[in-house]
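Next come the chains, spelled out residue by residue.
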Amino acid sequence: MREASAYNSSIYLMVGTPYLLLGAFGFYVYRGLKKNRAARAAAGGPGMEGFPCPLPSTAVSSSLQP
């Protein structure tokens, strides 16, 4: 019976480890993006509306002229 319990525990470990690693990686990416956005907002830099950063209005209007 102890052997069956050991196999059961090892299977749970092998199945759960990838989810735990992906969850931790996703959390660190989310936290990094959140800190980056907060730092940009504090600095008053461009791109606060979202990703990608918007172009300046002069660059957009000059590129549309024939």
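See above for the structure.
Reading the values: the criteria
Residues numbered from 1 in each chain as written. Predicted model: local features only at pLDDT ≥ 70, side-chain atom pairs only at ≥ 80, totals over all residues. Heavy atoms only, no water. Helix = DSSP H or I, 4+ residues; strand = E, 2+ residues; numbered from the N terminus. Buried < 20%, exposed > 50% of the residue type's maximum accessible area, 1.4 Å probe, protein only. Areas by Shrake-Rupley, 256 points an atom, 1.4 Å probe, with all protein chains shown as cover. Patch = residues over 30% accessible without salt bridge, like charges linked within 9 Å, V, L, I, M, F, W, Y side chains within 5 Å. Salt bridge = Lys/Arg side-chain N within 4 Å of Asp/Glu carboxyl O. Expected span 1.5 Å × (residues − 1). Bend = angle between axes of the 7 residues up to and from the residue.

Caption draft 1: Quick peek at the overall build of the protein chain. The helix and strand tally for the protein chain stands at 2 helices and 0 strands. Within the protein chain, the proportion of its 66 residues that are buried is 3%. Total accessible area computed for the protein chain in this model is approximately 6200 Å², and 69% of it derives from carbon and sulfur atoms.

Caption draft 2: The arrangement of a nonpolar patch on the surface in detail. A grouping of Ile-11, Met-14, Val-15 and Tyr-19 is seen on the molecular surface, where their side chains present a nonpolar patch of about 470 Å² in accessible area. Position of Tyr-19 among the secondary structure elements: in helix 1 (residues 2–43).

Caption draft 3: Structural detail: helix 1. When the terminal C-alpha atoms of helix 1 are compared, their 60 Å separation across 42 residues agrees well with the 62 Å that a helix rising 1.5 Å per residue should span. Along helix 1, the helix axis deviates most sharply at Gly-16, where the bend reaches about 30 degrees; the proline Pro-18 sits within four residues downstream. Just downstream of helix 1, Gly-44 is the residue with a positive phi angle, here 75 degrees.

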